[in-house]
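Residue-level listing of the chains:
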Amino acid sequence: MRLASGIAPIMAMLRGGVRVGLGVDGSASNDGSHLLAEVRQTMLLARLQAALEEHRSPEKAPRVC
């Protein structure tokens, strides 16, 4: 989140057979090592990514007449 490098396409990775893991950095590069907080953040970002993908679909695009 701090690097603003985007949201990883986790669902696409899983569909492609990629094994996905979740972890935390050490205390030298992170404020805290709270794995459950990372799980929560992952869930929220997955929801956001799904909503963005749905909104971008051609069926949902506004029509200009």
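What counts, and at which threshold
Residues numbered from 1 in each chain as written. Predicted model: local features only at pLDDT ≥ 70, side-chain atom pairs only at ≥ 80, totals over all residues. Heavy atoms only, no water. Helix = DSSP H or I, 4+ residues; strand = E, 2+ residues; numbered from the N terminus. Buried < 20%, exposed > 50% of the residue type's maximum accessible area, 1.4 Å probe, protein only. Areas by Shrake-Rupley, 256 points an atom, 1.4 Å probe, with all protein chains shown as cover. Contact = heavy atoms within 4.5 Å. Patch = residues over 30% accessible without salt bridge, like charges linked within 9 Å, V, L, I, M, F, W, Y side chains within 5 Å. Salt bridge = Lys/Arg side-chain N within 4 Å of Asp/Glu carboxyl O.

### What about the overall build of the protein chain?
Counting secondary structure elements, the protein chain contains 2 helices and 0 strands. Within the protein chain, the fraction of its 65 residues that count as buried is 5%. Accessible surface for the protein chain amounts to roughly 6,000 Å². Of this, 59% is attributable to carbon and sulfur atoms.

### Overview of the environment of Val20
Take Val20: it is sitting in the loop between helix 1 (10–15) and helix 2 (35–56). Its relative accessible area of 39% is what places Val20 among the partly exposed residues. It is 7.5 Å that separates the C-alpha atoms of Val20 and Ile10, two residues lying 10 residues apart in sequence. If we ignore the near neighbours within four places in the chain, the residues touching Val20 are Ile10, Met13 and Leu14.

### Here's the deal with a nonpolar patch on the surface
Side chains of Ile10, Met11, Leu14, Val18 and Val20 sit close together on the surface and give an oily, nonpolar patch of about 400 Å² of accessible area. Along the polypeptide, Leu14 turns up in helix 1.

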